[in-house]
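The lines below spell out each chain.
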Amino acid sequence: LNFTQREPQPSLHRRVTFHRTHSPFHHSRATMAFAVSTQALAAKVALSGKTLNVRKNAAKAVRNTSVRAAVSAPAGLKAGVVTGEDYKAVVDHAIKNGYAIPAVNCTMSTVTNACLEAAKKANSPMIIQFSNGGGAYNAGKGWKNEKDQKAAIMGCVAGALHVRALAEFYGVPIILHTDHCAKSLLPWFDGLLEANEEYFAKHGEPLFTSHMLDLSEESIEENMEISKKYLERMAKINCFLEVEIGITGGEEDGVDNTDVAQEDLYSKPEEIHQVYTELNSVAPGMFSVAAAFGNVHGVYSPGNVKLTPSILGAAQKYIKEKEGLDTDKPVAFVFHGGSGSSREDIREAIGYGVMKMNIDTDTQWSMWDGVREYVDKNGPYLQGQIGNPEGPEKPNKKYYDPRMWTRAAEESTVARLLTAYEDLNAMDALSK
């Protein structure tokens with residue numbers, strides 16, 4: 001991106017019009033900026049019971065966004081999207097109180113809204129994240145994702161703006177994140193950082209809370225070289241970085257590691273220490289590590305995934321001793337490939353400093369399972385627009401209305417996420 005910053009203008013049109021060259025997301029940015037401000041404003045008005053001409057007041061809403069008073073969640077944490085120090089407070093709270101936060105891959109607003117609803121019911125933080133493929137899908141499959149990654153960038157930006165318009169009203173901390181970015185997908189990462197930098201210039205915080213670089217297929221030296229360059233840039237806008245070392249087995253979002261060597265599924269304490277020292281020299285405390293301890297993407301029967309969470313504990317001890325630290329958990333760990341893991345293994349990993357666990361395969365199933373159950377229950381009413389067991393002229397609109405069966409998908413996913421909160425010892429976390 002190459003935007004020339006302008007002084008704020010009194011006109012709404014001029015406020016959201018930019019001098020631009022070849023931004024991967026400039027075609028829709030002004031529309032989304034207006035949409036997110038009006039959505040948030042309209043929601044506030046609805047809660048207050050007042051009426052309002054949204055268009056007339058939209059410019060004022062945009063100008064006031066960065067000075068809006070923060071809304072507090074229980075435990076003294078900020079409600080709504082958290083970034084910077086507010087995000088660090090959430091991570092510290094999780095590690096201190098022995099729970100981890102579910103991180104759900106979202107591909108559409110139905111999944112996103114289920115995450116927000118589950119977080120509110122659990123009274124606990126939630127991480128809403130977008131993969132490259134999920135972002136492209138969110139942009140609409142009519143737009144092909146080319147090498148410049150425009151569709152993936154725009155889909156992720158649109159998803160983040162949707163969350164920002166709603167998150168505060170659910171009353172819990174929400175983290176915005178993007179998932180695995182391999183070396184071949186760095187144009188996607190670059191576009192997201194440009195969106196963050198532009199958002200930061202206007203609002204004093206990044207659009208996203210954090211992003212993940214997955215350079216685990218490269219040498220650890222190259223992994224760290226690239227990660228450090230990005231972290232230096234991200235730290236300037238209070239955006240956090242997640243990195244991966246070792247390899248998570250299985251397959252997810254088009255990345256297939258099913259044939260990886262078994263030894264690559266387990267990180268060594270020395271490797272984790274190297275990551276800690278190199279990234280800590282750039283931006284202390286502004287990174288998390290997805291270390292490999294046998295985790296595998298995908299779905300497997302219980303007992304088929306051989307986790308060794310003690311690897312994480314050994315690494316924490318090693319780093320503490322090498323660095324002469326007081327804390328027992330110097331590294332914030334991330335758990336990838338949790339499907340099929342036992343609650344015992346999950347909680348053992350949390351005990352060693354895991355503060356985030358990714359969920360994708362299970363929520364994909366829960367979405368479908370909700371629709372499947374709805375169709376099984378209402379099948380006779382879904383065979384045509386007119387005619388059902390109650391009579392040949394009876395309409396079926398209230399059954400095939402997309403809001404009905406997508407709501408069933410949401411409810412099924414909320415239930416699955418509440419189980420995840422239990423597994424992660426995170427139910428009612430904000431009361432801890």
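Quick caveat: nothing in here was measured; it's all calculated off a predicted structure. (Residues numbered from 1 in each chain as written. Predicted model: local features only at pLDDT ≥ 70, side-chain atom pairs only at ≥ 80, totals over all residues. Heavy atoms only, no water.)

**Remarks on the overall build of the protein**
So, point 1. Of regular secondary structure, the protein possesses 15 helices and 13 strands.
So, point 2. Residue burial in the protein is summarised as follows: out of 432 residues, 52% are buried.
So, point 3. Restricting to contacts in the protein with at least 6 residues of sequence separation, those with at least 24 account for 70%.
So, point 4. Carbon and sulfur atoms provide 51% of the accessible area of the protein, an area that totals close to 19600 Å². (Helix = DSSP H or I, 4+ residues; strand = E, 2+ residues; numbered from the N terminus. Buried < 20%, exposed > 50% of the residue type's maximum accessible area, 1.4 Å probe, protein only. Contact = heavy atoms within 4.5 Å. Areas by Shrake-Rupley, 256 points an atom, 1.4 Å probe, with all protein chains shown as cover.)

**So, the environment of Glu 242**
So, point 1. Here Glu 242 lies in strand β6 (residues 240–244).
So, point 2. The spacing of Glu 242 and Thr 178 is 64 residues in sequence and 9.4 Å in space, taken between C-alpha atoms.
So, point 3. When neighbours within four sequence positions are excluded, Glu 242 is seen to be in contact with His 177, His 211, Met 212, Leu 213, Ser 288, Ala 290, Val 334, His 336 and Lys 356.
So, point 4. A distance of 3.0 Å separates polar atoms of two side chains, one belonging to Glu 242 and the other to His 177. (Polar contact = N/O pair within 3.5 Å; in protein donor to acceptor, adjacent residues only side chain to side chain.)

**Overview of the packing of aromatic side chains**
So, point 1. Applying the stated rule across the entire model yields five aromatic pairs.
So, point 2. Seen from their ring centres, Tyr 87 and Phe 240 are 4.9 Å apart, and the 80° between their planes marks the pair as edge-to-face. Of this pair, Tyr 87 sits in helix α4 (residues 84–97) while Phe 240 sits in strand β6, and the two are 153 residues apart along the sequence. Taken individually, Tyr 87 and Phe 240 each receive the classification buried, so the pair is uniform in this respect.
So, point 3. Relative to Tyr 230, the ring of Phe 189 has its centre 4.9 Å away and its plane inclined at 70°; by these criteria the two rings are edge-to-face. (Phe/Tyr/Trp six-rings, centres within 6.5 Å; stacked < 30°, edge-to-face > 60°.)

**Quick word on the packing of helix α6 (residues 132–139) against helix α7 (residues 150–166)**
So, point 1. At a minimum axis distance of 6 Å, the contact between α6 and α7 shows a crossing angle of 80°. As judged from the angle between their axes, α6 and α7 are roughly perpendicular. Residues Asn 132, Gly 135, Ala 136, Asn 138 and Ala 139 of α6 pack against Ala 151, Ala 152, Gly 155, Cys 156, Ala 158 and Gly 159 of α7.
So, point 2. Here the residues of the contact of α6 with α7 sort into six nonpolar, five polar and no charged. (Axes fitted to C-alpha atoms, helices over the stretch in contact; angles between N-to-C directions. Parallel < 35°, antiparallel > 145°, perpendicular 65-115°, else oblique. Nonpolar A, V, L, I, M, F, W, Y, C, P; charged D, E, K, R; others polar.)

**A closer look at the pattern of salt bridges**
So, point 1. Inspection of every chain in the model, using the stated rule, returns 19 salt bridges.
So, point 2. Taking the shortest distance from any N to any O, the salt bridge between Lys 229 and Glu 225 comes out at 3.9 Å. Residue Lys 229 and its partner Glu 225 are both found in helix α9 (residues 220–235); the two are separated by four residues, about one turn of the helix.
So, point 3. We note a salt bridge from Lys 320 to Asp 328, for which the minimum N-O separation is 2.5 Å.
So, point 4. Residue Lys 320 is classed as partly exposed on the basis of its relative accessible area, which comes to 26%. (Salt bridge = Lys/Arg side-chain N within 4 Å of Asp/Glu carboxyl O.)

**Topic: the environment of Ala 182**
So, point 1. Tracing the chain through its elements places Ala 182 in the loop between β4 (173–178) and α8 (186–203).
So, point 2. Of the residues examined, Ala 182 reaches a relative accessible area of 27% and is grouped as partly exposed.
So, point 3. For the pair formed by Ala 182 and Asp 214, sequence separation is 32 residues and the distance between their alpha carbons is 5.0 Å.
So, point 4. Aside from chain neighbours lying at most four places away, what touches Ala 182 is Asp 214 and Leu 215.

**A short note on the environment of Ile 272**
So, point 1. Its location among the elements puts Ile 272 in helix α10 (residues 269–280).
So, point 2. Taking the relative accessible area as the measure of exposure, Ile 272 reaches 1% and is therefore buried.
So, point 3. Every residue in contact with Ile 272, bar those within four places of it in the chain, is listed here: Ile 245, Ser 267, Ala 291, Ala 315, Ile 319 and Phe 333.

**Digging into the side chain of Ser 131**
So, point 1. Residue placement: Ser 131 occurs in the loop between β3 (126–130) and α6.
So, point 2. Side-chain polar atoms of Ser 131 contact the backbone nitrogen of Gly 134, separated by 2.9 Å.

**Some points on the confidence of the model for the protein**
So, point 1. Mean pLDDT over the protein stands at 84; residues scoring 70 or higher make up 77%.
So, point 2. Overall, residues 1–68 carries pLDDT values under 50, and its contacts beyond four positions in sequence, including any with other chains, amount to 81 contacts.
So, point 3. In the model, residues 249–261 has pLDDT below 50 throughout and makes 31 contacts with residues more than four positions away in sequence or in other chains. (pLDDT = per-residue confidence, 0-100.)

**Structural notes on the pairing of strand β9 (residues 287–290)**
So, point 1. Side chains of β9 alternate between two faces, with Phe 287 and Val 289 and Ser 288 and Ala 290 buried alike.
So, point 2. Where β6 and β9 come together, four bridges link them in parallel fashion. Counted as the bridge partner of Glu 244 is Ala 290 from β9. (Pairing = 2+ DSSP bridges.)

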